[in-house]
Amino acid sequence: MTMTDPVFEGVYGTYTIDATDRREVLGYRLALTAAALGQAGLLVQWRQLGPELVWPWMVLMAVGLGLALRWIHIYLVPLHRALQLFWLLGCAGALVLAARSGPGAMVTAVASQPLWILAIGPFFAALAGVGFKEFFCFRRPEAIGVTLLLPIALLGHLVGLLDGRLTTSLLALESGLLLVLCLRKFPMPAAADVGDKSVFAYLQAQGSGAEGATP
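Residues numbered from 1 in each chain as written. Predicted model: local features only at pLDDT ≥ 70, side-chain atom pairs only at ≥ 80, totals over all residues. Heavy atoms only, no water.

## What to know about the pattern of salt bridges
- One pass over the full model with this rule turns up six salt bridges.
- Taking the shortest distance from any N to any O, the salt bridge between Asp 193 and Lys 133 comes out at 3.9 Å. Residue Asp 193 is found in helix H8 (residues 190–194), and its partner Lys 133 is found in helix H5 (residues 117–138); the two are separated by 60 residues along the sequence.
- Taking the relative accessible area as the measure of exposure, Asp 193 reaches 1% and is therefore buried.
- The exposure class assigned to Lys 133 is buried, which follows from its relative accessible area of 7%. (Salt bridge = Lys/Arg side-chain N within 4 Å of Asp/Glu carboxyl O. Helix = DSSP H or I, 4+ residues; strand = E, 2+ residues; numbered from the N terminus. Buried < 20%, exposed > 50% of the residue type's maximum accessible area, 1.4 Å probe, protein only.)

## Concerning unusual backbone geometry
- Positive phi, normally seen in glycine, also occurs at Arg 139, with a value near 55°.
- Under the relative-accessibility criterion, Arg 139 is labelled exposed at 52%.

## Digging into the side chain of His 157
- Looking at the secondary structure, you find His 157 in helix H6 (residues 141–158).
- By relative accessible area, His 157 is classed as buried at 12%.
- Non-local contacts of His 157, meaning those with residues more than four positions away in its chain, are made with Val 110, Ala 111, Pro 114, Ile 117, Leu 162, Asp 163 and Thr 167. (Contact = heavy atoms within 4.5 Å.)

## Quick look at empty space enclosed by the protein
- The tally for this structure, following the rule as stated, stands at one cavity of 30 Å³ or more.
- Put simply, the largest cavity is a space of about 30 Å³.
- Residue contributions to the lining of the largest cavity peak at three residues, all from helix H1 (residues 19–49).
- The residue makeup of the lining of the largest cavity, split by class, is four nonpolar, one polar and three charged. (1 Å grid on protein atoms, 1.4 Å probe; cavity = no way out; pocket = protein on both sides within 12 Å on 5 of 7 lines; lining within 4 Å. Points joined across faces, edges and corners; volume = space filled by probe spheres on them. Nonpolar A, V, L, I, M, F, W, Y, C, P; charged D, E, K, R; others polar.)

## Brief notes about the packing of aromatic side chains
- Scanning the model with the defined rule gives two aromatic pairs in all.
- Aromatic side chains Phe 123 and Phe 124 sit 5.3 Å apart centroid to centroid with 80° between the ring planes, which places their arrangement in the edge-to-face category.
- Judged by relative accessible area, which is 6%, Phe 123 ranks as buried.
- Positioned above the aromatic ring of Phe 136 is the side chain of Arg 139, whose terminal nitrogen or guanidinium carbon lies 5.7 Å from the ring centre. (Phe/Tyr/Trp six-rings, centres within 6.5 Å; stacked < 30°, edge-to-face > 60°. Lys NZ or Arg CZ within 6 Å of the ring centre and 35° of its normal.)

## Some details on helix H3 (residues 77–101)
- In this model, H3 (25 residues) spans 36 Å end to end at C-alpha, consistent with the 36 Å of a helix rising 1.5 Å per residue.
- Residues of H3 that are buried include every one of His 80, Leu 83, Gly 90, Cys 91, Gly 93, Leu 97 and Ala 98, and no others.
- In this structure, the buried side of H3 is in contact with helix H2 (55–71), helix H4 (106–112) and H5.
- Phi turns positive one or two residues past the end of H3, at Gly 102, with a value near 90°. (Expected span 1.5 Å × (residues − 1).)

## Quick notes on helix H7 (residues 164–185)
- Its 22 residues give H7 an end-to-end C-alpha distance of 32 Å, which sits within 8% of 32 Å, the value for a rise of 1.5 Å per residue.
- Among the residues of H7, Thr 167, Thr 168, Leu 170, Leu 171, Glu 174, Ser 175, Leu 178, Leu 181, Cys 182 and Lys 185 are the ones counted as buried. The arc that holds every buried residue of H7, seen down its axis, measures 160°, which confines them to one face. Relative to its buried face, H7 has exposed residues pointing more than 90 degrees away, namely Arg 165 and Leu 183. (Arc of directions from axis to C-beta.)

As structure tokens, then:
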């Protein structure tokens with residue numbers, strides 16, 4: 001703690017937001033923004049140039065979301081670990097897809113064979129989980145849009161209720177909302193993303209599997 005670290009009154013006592021907290025929050029925001037830019041870049045390039053060279057955007061999405069899940073603040077370890085497991089399973093599914101179809105044909109394979117959504121779907125479940133966390137904490141409408149539109153688009157395409165054009169349109173809308181969500185986070189104080197650290201300390205002392213505070 002330094003003289004400039006702000007002190008807050010939490011539910012179970014006072015706590016400070018220190019330099020480590022601020023670095024983690026900035027890392028989370030930058031990483032989530034990278035994932036959002038990766039998704040937006042993929043969709044734009046797919047529409048404008050075709051699906052052949054979109055795999056670098058997928059890598060950016062994967063790395064961005066993975067780092068965001070490293071630095072996200074969530075009370076309970078099981079919930080945090082579940083999102084990280086979804087991310088890992090989705091990345092593994094994407095690697096299998098790349099091996100089967102080739103990196104340049106991954107998007108085409110998913111579009112023509114919707115069952116591949118089962119392989120990569122956990123990745124997007126993790127992203128939707130981040131959206132739900134953001135909505136739960138801050139009640140941002142763009143966050144609930146991310147949470148709902150991702151499963152609607154992917155599951156709708158999987159079961160044949162949505163054609164490729166409508167699926168892409170929903171994903172484009174979700175991608176735009178995710179970018180808005182990320183950009184709106186940067187002006188917020190770090191304490192907003194860290195949450196009440198006294199609650200974390202209390203849960204940790206109780207041995208209830210707490211890991212980090214969520215607003």
